[in-house]
Amino acid sequence: MDEGSELSLTIAHIVQRLKGSHLHSQIERRAKECLHQPDIKLDSLKEDVRSFLKTSGWERQLQNAVYRELQVQLPPSHPAAPPEHLKEPLAYMRAAQAGWEKRVLKSLNSMSTELGVPLARMRPAAEQKELANKWNEMGTDEPDLTSVRPVYAPKDFLEVLVSLRNPNHDSSEDVSVRSHWGLIQVPLNVRDIPQLRRVYSELNLTSGQLGIDDHAHIHPDLFENEYVQIGKKVVMEQDSAAAQQYSRQGCSTGLRADLWALILNSNNQPQDVMHYEQLTAGVIQHDLLVDNLIYKDVKLTASNDDYYFVFEDFLYQVLLCFSRDTAVLEHFRYNSATPPRSFIQGKGGEEECAVVYPPNGVIPFHGFSMYVAPLCFLYNEPSKLYSVFREIYIRYFFRLHSISSSPSGIVSLCLQFERLLQTHLPQLFYHLRQIGAQPLRIAFKWMVRAFSGYLSTDQLLLLWDRILGYDSLEVVAVLAAAVFAFRAENLMEVTSLGSAEAVLADLSTLKVMPLIQIFLFATAI
Amino acid sequence: MSVYATSSASVLLFSSPSTQRKKMSGSSDDIKPVSCTIKPPVHLQIGDTKADAAHSGVCVVDVTLPFGKPVNIKEITFKNYYTAYVTVRLLRRSPGQEAPAKWCTALRDLPLMDNPHTEGGSQDYCSVHRAQMQVEPDHVVSVRLILRQPSSAWLTFSLEDINIFPHVEPNPEKEVSDWLSDLTLVDQHPDLEGLPDPQTVSSSIQQMWALTEVMQTNQTTASIGRYDVDGCYDIKLLSLT
């Protein structure tokens, strides 16, 4: 297909998706209202209305909406390609994901039968009233969770990834130039340091960075003041694309909330607040087994964390509402995963209706609440926090727990981490391998959570600035390799997996941007 | 009247033309692929074929079209399976009694995978359109696809679901008969008694029509957000299929 028809097709898709949206009706209404203004002339109607929309800021909002659609749009595909090919082109990965999903569903089914708790039920009226009353303090009175266990933990998922094999891949040769010492044995295309240097050029040693050049002993006039001024301008202009580009060098604490909301185009309109209210009504009406998983997860992870325990109640609210949100289902177009299905009795009693369970199709695992916890530092209004979290999940975090060949997918990140380590720290990798401490076994838990809960919060937010700015999770793999490079000397002295884990147990003192910058731009190739 | 004018003007502003959907080339509804015989792939080896210590990196697939019916090719579609490059050669016989058939190269080394050693593009659906070919693919008797996979990382490589779509000449536009355009409107003033003025009726009907058009074109893709069925969401077990 040539570029012209590709462009028309993209435009047609975006028009279709934005048609009938709230933004569309708002713009129509404004355009109708502006017809009463005296400077709109009938003979130049189209241009006058257009320039009115431009000056009143509506064109910018439309631009941001189009930019958002471009980010989540599937790449143009062949007409013969079936929908599952669009989700994941490689057949063996689709099969592995389907097999993994089946295991998770079986586990959930057996938990339901063991506990005698139905997967979903309508709450009786008294219980609904009680929950509505204590909506803001759900942490105080949770159900008995001793027999609830998480459906899976990251290390179970790691075993599945390690066993991924391409049936057409010739892995008969043990020792060759191509041999890979790590655990991931699928030949995906991942970037090496020269390619990363080109892509992440804004992280260069010669560019200013927040996280490095805003340090106390550097005078703010050298970089920080001017950079913050530019940030304020970007927020005033309300331009998504500019905010994304700006975020590559970091966002200052005061502007970060607005900048992230701009990048994700989540502007907390009245209809978003109403949507959130609808979700809370859904939580109050029905009780899901998944809710217990969420309670358990928050209790095990966020509540035990020094930084995040204060947000316990927020986390319950956001995650329970997230489970009821059917708008999340649309991300399964480009996610290799498939939402679990079940059947309920229809009106006639005979026919069965297929429904998705949970309503958003996402089954939380151990550590899932850590995707939300850092955002609580930025947003204190629940509906705003919710819409930013949902958008960041359906753009990035879903890739961290599904099997796919995407360059931001967890398989590619693991492979990239191992390749970077093998290429640039071969002695360390070999040593760790010999003592039975495969580096991925230590780094996997960091990458699956995008380092949430392992770094200190300000450093974590600087890392997530770059994830949003570069629209990719690659920087997570680079940081994992950089951490190993930083602690290489200590690691060379350890003699067991346990002591290697101990060396890397505490990352809370690390400064991420210097590590990434040195690893990418100061490593000798 | 002015209210109708302004609102219908704004309606026209926002109604998009219905011909936005571009027709995708290739597998359109009418064109069926030509039935052809695909011979089994032949892997080429250097030297002695008995000692096949190394995997072959070149494979030839011959696709013969029905005998006696040369085809003008519009498009060749296939699904890749770990082939890195494909060369398309055509055996053309120009119309004429004694014209000999000649081989020519239509496309040389089209890359199907970004990197022959890694997975990118390895299982993608592709098509080769006649516009991409270096020669006119008309009066084609046979197609030869030469597949190359230089990387030793893969056990096999091939192309699947090879289909050849013929080029169909578009029908010339039918001309409107002259006598249709000679019709003229005759202005009549029927006798109205107690009936509303036809002008006001027709303009209000026109506005209603415009509104229904807007409703039709404004089909929204937004979902309503209900996950239960008539308030019921009692689920016992998840289905594992």
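Residues numbered from 1 in each chain as written. Chains lettered and ligands numbered in written order. Predicted model: local features only at pLDDT ≥ 70, side-chain atom pairs only at ≥ 80, totals over all residues. Heavy atoms only, no water.

Visitor: I'd like to hear about the overall build of chain A, residue by residue, with values.
Guide: Counting its regular elements, chain A contains 24 helices and four strands. Compactness check: chain A gives a C-alpha radius of gyration of 25 Å against a globular reference of 24 Å for 525 residues, within 12% of the reference. Projected onto its principal axes, the C-alpha positions of chain A cover 80 × 65 × 50 Å. By the burial criterion, 57% of the 525 residues in chain A qualify as buried. Of all intrachain contacts in chain A linking residues separated by at least 6 positions in sequence, the fraction that spans at least 24 positions is 77%. On chain A, roughly 22,600 Å² of surface is accessible, and the fraction owed to carbon and sulfur atoms is 53%. The centroid of the 49 positive side-chain charges in chain A is displaced by 3 Å from the centroid of its 61 negative side-chain charges. (Helix = DSSP H or I, 4+ residues; strand = E, 2+ residues; numbered from the N terminus. Rg over C-alpha atoms; globule rule 2.2 N^0.38 Å. Buried < 20%, exposed > 50% of the residue type's maximum accessible area, 1.4 Å probe, protein only. Contact = heavy atoms within 4.5 Å. Areas by Shrake-Rupley, 256 points an atom, 1.4 Å probe, with all protein chains shown as cover. Lys, Arg positive; Asp, Glu negative; His and termini not counted. Charge placed at Lys NZ, Arg CZ, Asp CG, Glu CD.)

Visitor: Account for the interface of chain A and chain B, naming residues and giving values.
Guide: For interface size, the figure often reported is the accessible area lost on association. Taken together, the 67 residues of chain A in the interface contact 53 residues of chain B. Counting each side, the surface lost to burial between chain A and chain B is near 5,300 Å², with a carbon and sulfur contribution of 59%. For chain A, the biggest contributors to the area lost against chain B are Lys19, His78 and Asn168 of chain A; these three give 13% of the whole. In this assembly, chain A and chain B are joined by zero salt bridges. At the boundary of chain A with chain B, the tally comes to 21 residue pairs in polar contact (both at pLDDT 80 or more). (Buried area = accessible area lost by both parts, 1.4 Å probe. Salt bridge = Lys/Arg side-chain N within 4 Å of Asp/Glu carboxyl O. Polar contact = N/O pair within 3.5 Å; in protein donor to acceptor, adjacent residues only side chain to side chain.)

Visitor: Could you give an account of the packing of helix H12 (residues 253–263) of chain A against helix H20 (residues 457–470) of chain A, naming the residues involved and the relevant values?
Guide: Residues and elements named next belong to chain A. Contact pair H12 / H20: the axes reach a minimum separation of 11 Å and the direction vectors enclose 25 degrees. Regarding the angle of H12 to H20, the classification is roughly parallel. In this structure, H12 meets H20 at a crossing whose hand is left-handed. The segment H12 lies against H20, with Arg256, Trp260 and Ile263 engaging Leu461, Leu462, Trp464, Asp465 and Leu468. (Axes fitted to C-alpha atoms, helices over the stretch in contact; angles between N-to-C directions. Parallel < 35°, antiparallel > 145°, perpendicular 65-115°, else oblique. Left-handed = near helix turned anticlockwise from the far one by under 90°.)

Visitor: Can you break down the nonpolar core residue by residue, with the values?
Guide: Within soluble globular proteins, side chains that are nonpolar generally end up buried alongside one another. Residues and elements named next belong to chain A. Tyr357, Phe389, Trp446, Met447 and Phe484 are the most contacted members of the largest nonpolar core, which totals 198 residues. A total of ten residues in this core trace back to one element, the largest contributor, which is helix H21 (residues 474–486). Each residue touching Met447, except ones within four places of it in the same chain, is listed here: Leu400, Ile410, Leu413, Cys414, Phe417, Leu440, Val476, Ala477 and Ala480. Among the nonpolar cores identified, the runner-up in size contains 13 residues, and Leu23, Ile27, Leu45 and Leu53 belong to it. (Core = buried A, V, L, I, M, F, W, Y, C linked by side-chain atoms within 4.5 Å.)

Visitor: Report on the confidence of the model for chain B, specifying residues and quantitative values.
Guide: Residue and element names in this part refer to chain B. Per-residue confidence for chain B averages 77 on the pLDDT scale, and 71% of its residues sit at or above 70. Contacts from residues 1–28, a stretch scored under 50 in pLDDT, to residues over four places away or in other chains number 35 contacts. In the predicted assembly, ipTM is 0.85 and pTM is 0.86. (pLDDT = per-residue confidence, 0-100.)

Visitor: So what about empty space enclosed by the protein? Which residues, and what values?
Guide: All names here are of chain A. Taken as a whole and assessed by the stated rule, the structure comprises two cavities of 30 Å³ or more. What lines the largest cavity is Ile294, Asp297, Leu319, Phe322, Ser323, Asn360, Val362, Pro364 and Phe368. Elements with a minimum of two residues in the lining of the largest cavity: helix H14 (289–300) and helix H15 (312–323). Sorting elements by how many residues they give to the lining of the largest cavity places H15 first, with three residues. Its residues placed into classes, the lining of the largest cavity shows six nonpolar, two polar and one charged. Roughly 40 Å³ of volume is contained in the second largest cavity. Every residue lining the second largest cavity is listed: Pro150, Val151, Leu293, Asp297, Pro364, Phe365 and His366. Here the lining of the second largest cavity is built from residues that sort into five nonpolar, one polar and one charged. (1 Å grid on protein atoms, 1.4 Å probe; cavity = no way out; pocket = protein on both sides within 12 Å on 5 of 7 lines; lining within 4 Å. Points joined across faces, edges and corners; volume = space filled by probe spheres on them. Nonpolar A, V, L, I, M, F, W, Y, C, P; charged D, E, K, R; others polar.)

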